[in-house]
Amino acid sequence: MALLTGKTALILGVANKWSLAYAIAQAYVREGAQVVLTYQSDRLKLTVEELGKEISPDVLVLACDVTVPEQLDALAATLKEKFGTVDTVVHSIAFANREDLSRPYVQTSRDGYLLAQEVSSYSLVAVSRAMLPLMPNGGSIMTLSYLGAVRVVENYNVMGVAKAALEASVRYLASDLGAQNIRVNAISAGPVKTTSARGIKDFSKVLDGVSAVAPLRRNTDPAEVADTAVFLGSNLGRGITGNVIYVDAGFQVMALALSQGS
Ligand code: NAP
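A brief report on the enclosed structure follows. (Residues numbered from 1 in each chain as written. Predicted model: local features only at pLDDT ≥ 70, side-chain atom pairs only at ≥ 80, totals over all residues. Heavy atoms only, no water.)

A separate point is a nonpolar patch on the surface. On the surface, Tyr 105, Tyr 113 and Leu 114 cluster together into a nonpolar patch covering about 260 Å² of accessible area. Inspection of the secondary structure puts Leu 114 in helix 4 (residues 110-131). In this structure Leu 114 comes out as partly exposed when scored by relative accessible area, which is 43%. (Patch = residues over 30% accessible without salt bridge, like charges linked within 9 Å, V, L, I, M, F, W, Y side chains within 5 Å. Areas by Shrake-Rupley, 256 points an atom, 1.4 Å probe, with all protein chains shown as cover. Salt bridge = Lys/Arg side-chain N within 4 Å of Asp/Glu carboxyl O. Helix = DSSP H or I, 4+ residues; strand = E, 2+ residues; numbered from the N terminus. Buried < 20%, exposed > 50% of the residue type's maximum accessible area, 1.4 Å probe, protein only.)

Below you can see the structure in the form of structure tokens.
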């Protein structure tokens, strides 16, 4: 039987076919979930609706800019009306100003720092709070993180600091919500060429560096991230909360590689 049959999943962060959230939505539909996607602004409404239709005619597409509390409230109200409850929330959202992903971290402006924190980290708290009334039977909330949260990755800068806050939020939310049988985890994905990633200076060098050194000697496939999201959203992940799971071809275990590319 499919792993997510009977579950309703809200997936935030599909911008195009390269988005990690798109791969996750495909895997969720494959496993029998009712999927709801969101778009940030009217500019992307049609695109996300088209993408949703391609995945499955049953995918519902709703508006949600995570920085606007009224939009989160409206999203929760629509989900309540249509489905009553939600089982899984996938938060796959981040943003930082391009200039903050190319110059030295010490040059980060106050506004740039706060923007990255608001969109990439605080939004997980806001989304979780908005969805809480829809999760009376428990459920699974997950977000996407990156190694730059815990180690220095050149040019990742303000986003690394936002991911550090995001991973700390995962632990605090897991503690808050565990009594309601709601699990909260992060998937720390290896680098994947997406629109957001292209904003990071020298990103193609990161891809080359990782595939040379990672134990599996390759980069991460979005489908691998998606299958881990299925696992966390399913009953198979029922014992896991407050964790950061690395789906990165093993790169994060490496300290020094003497035989690069061999
Ligand atoms: P992506 O396709 O560009 O997805 C980022 C999404 O965030 C877009 O759908 C974007 O919507 C959305 N977003 C930004 N601001 C928003 C707001 N205020 N309200 C609602 N949505 C907003 O890139 P991605 O790589 O798949 O990123 C998804 C997540 O994976 C991010 O958290 C990212 O940090 C994480 N991640 C990525 C990698 C990687 O190498 N690609 C590795 C590890 C973790 P718009 O396009 O409409 O702005």
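Still more ground to cover, so stick around.
Two numbers describe how helix 1 (residues 20-30) lies on helix 2 (residues 42-55): the axes approach to 10 Å, and their chain directions differ by 35 degrees. Between helix 1 and helix 2 lies a crossing of right-handed hand. Of helix 2, the residues touching helix 1 (which contributes Tyr 22, Ala 25, Gln 26 and Val 29) are Leu 51, Glu 54 and Ile 55. Classifying every residue of the contact of helix 1 with helix 2 by side-chain character gives five nonpolar, one polar and one charged. (Axes fitted to C-alpha atoms, helices over the stretch in contact; angles between N-to-C directions. Left-handed = near helix turned anticlockwise from the far one by under 90°. Contact = heavy atoms within 4.5 Å. Nonpolar A, V, L, I, M, F, W, Y, C, P; charged D, E, K, R; others polar.)

Moving on, we get to the pattern of salt bridges. Inspection of every chain in the model, using the stated rule, returns eight salt bridges. Linking Glu 49 and Lys 45 is a salt bridge whose minimum nitrogen-to-oxygen distance equals 3.2 Å. On the criterion of helical spacing, the pair formed by Glu 49 and Lys 45 is a turn pair, its members being four residues apart in helix 2. Exposure remark for Glu 49: the relative accessible area of 24% places this residue in the partly exposed category. Between Glu 224 and Arg 218 there is a salt bridge whose closest N-O contact spans 2.8 Å. With a relative accessible area of 24%, Glu 224 lands in the partly exposed category. Take Arg 218: its relative accessible area is 33%, and that puts it in the partly exposed class. Connected through salt bridges with shared partners, the residues Arg 30, Glu 31 and Asp 227 form a single ionic network.

A word on the side chain of His 91. Within the secondary structure layout, His 91 lies in strand 4 (residues 88-91). A polar contact of 2.7 Å, which involves the side chain of His 91, links it to the side chain of Ser 123. When near neighbours in sequence (up to four residues on either side) are disregarded, His 91 contacts Leu 12, Val 119, Ser 120, Ser 123, Leu 124, Val 127, Met 142, Thr 143, Leu 144 and Leu 166. (Polar contact = N/O pair within 3.5 Å; in protein donor to acceptor, adjacent residues only side chain to side chain.)

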